[in-house]
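Structural overview for review
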Amino acid sequence: MALANFTSAPAFLLLGLVDGTDTHPLLFLLFLGVFLLNALGNLTMVVVVRSDGALRSPMYYFLGHLSLVDVCFTTVTVPRLLAGLLHPGQAVSFEGCFAQMYFFVALGITESYLLAAMSYDRAVAVCRPLHYRVVMTPWRCAALVAASWTVAHLHSLLHTLLISALSYPCPAPVRHFFCDMTVMLSLATSDTAAAETAIFSEGLAVVLTPLLLVSLSYARILVAVLGVRSAGGRRRAFSTCGAHLVVVSLFFGSVLSVYFRPSSAYSARYDRLASVVYAVLTPTLNPFIYSLRNKEVKGALKRGLRWRAVSQEF
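Residues numbered from 1 in each chain as written. Predicted model: local features only at pLDDT ≥ 70, side-chain atom pairs only at ≥ 80, totals over all residues. Heavy atoms only, no water.

A short note on the nonpolar core
In terms of nonpolar packing, the biggest core is built from 82 residues, with Phe12, Phe98, Phe104, Ile163, Tyr168, Met184 and Tyr278 touching the most fellow members. Leaving out residues up to four positions away in the same chain, Tyr168 has contacts with Phe12, Phe94, Phe98, Ile163, Met184, Leu187, Ala188 and Thr189. (Core = buried A, V, L, I, M, F, W, Y, C linked by side-chain atoms within 4.5 Å. Buried < 20%, exposed > 50% of the residue type's maximum accessible area, 1.4 Å probe, protein only. Contact = heavy atoms within 4.5 Å.)

If you want it as structure tokens, here you go:
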């Protein structure tokens, strides 16, 4: 069936973020601004982490990878979202649709595991500061990142193969701004039981694992912070952890509400709005919440700007 789908190559029509055939220039400008802000913030973090020797700790190693994933994550979907706001009804081939699905799912799961690795790193730094360098070795950090990428791509490959093997009408209108798993399942004309079972079993386990790790890490941090005698120290820790938890809750909450419910409860309008949260909003917030407010990152940015100014003088 998958081979037949590829050879017949049915076209899908992405109807975009908003129903109807009208253009939406104001929404286009809004999302273009968010996309550019995302690219600026995340690419700045990638460059700063790789170029400044003072940012060689495990925390910034993970942040650099998270920023790279966030740039790629939004690049998979936002350009088509922008095109759909000006020209509704974008045609996309079978191969293009499922390639987009593959990379979107892989990058989204990679992000969730990187968030878990970052929370584990912070828990070790707060709860076992004397053993931090022994626990968070360069080898272990690299292994955590490699495992995040590997698990995510295997997970994405499984679901993409299962969903691409289904039959679809030609042409099929996709009430979304990208080819998402839930949308494609709702369009399929063949039996979707195997794909849905995989999503609710393997998929739920893959998503809940990093969520559980994040929850346990921040619970340990909370217990450690409550033991701090300094009121100022507790306030700073709660402020930082609170911002992190808001972003994590937005990401995991919107993902769980979209992908892990019966297909009979599918709502195109809700899925599109929730997708904006985890596919556009949280990747844009991540560099500003996790790193660009940090004194060390600000210092690295100032050093980089000073070095550039001096080099231009000569």
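Quick word on the environment of Cys127
For Cys127, the location among the structural elements is in helix α4 (residues 94-127). Taking the C-alpha atoms as reference points, Cys127 and Arg220, 93 residues apart in sequence, are found 7.3 Å from one another. If we ignore the near neighbours within four places in the chain, the residues touching Cys127 are Arg220, Ile221 and Ala224. (Helix = DSSP H or I, 4+ residues; strand = E, 2+ residues; numbered from the N terminus.)

Structural notes on the state of the cysteines
Under the counting rule described, the total for this entry stands at one disulfide. At a sulfur-sulfur separation of 2.0 Å, the disulfide partner of Cys97 is Cys179. Negative torsions about the S-S bond denote left-handed disulfides, and the value of about -125° found for Cys97 with Cys179 makes this one left-handed. With Cys97 in helix α4 and Cys179 in the loop between β3 (172-174) and α7 (181-187), this pair connects stretches of sequence that are 82 residues apart. Assessed through its relative accessible area of 0%, Cys97 is described here as buried. Classification of Cys179 by relative accessible area gives buried; the value is 0%. (Disulfide = S-S within 2.5 Å.)

Some details on the side chain of Ser164
The topology assignment puts Ser164 in helix α6 (residues 138-164). From its side chain, Ser164 meets the backbone oxygen of Leu161 in a polar contact 3.2 Å long. (Polar contact = N/O pair within 3.5 Å; in protein donor to acceptor, adjacent residues only side chain to side chain.)

Here we look at the pattern of salt bridges
Summed over all chains, the structure comprises one salt bridge. As a salt-bridge pair, Arg122 and Asp121 come within 2.9 Å of each other at their nearest N and O atoms. The exposure class of Arg122 is partly exposed, given its relative accessible area of 24%. (Salt bridge = Lys/Arg side-chain N within 4 Å of Asp/Glu carboxyl O.)

Re the sheet that holds strand β1 (residues 12-14)
Spatial ordering of the open sheet is given by β2-β1-β3, a layout of three strands whose pairing is mixed. Of all the strands in the sheet, the pair left with one neighbour each is β2 (90-92) and β3. Adjacent strand axes in the sheet meet at a mean angle of 30° when their direction is disregarded. Bridge analysis of β1 against β3 gives three bridges, and the strand direction is parallel. Bridge assignment links Leu13 to a residue of β3, and that residue is Pro173. The strands touched by helix α3 (residues 58-86) within the sheet are β1 and β2, with β2 carrying the most contacts at an inclination of about 140°. (Pairing = 2+ DSSP bridges. Axes fitted to C-alpha atoms, helices over the stretch in contact; angles between N-to-C directions.)

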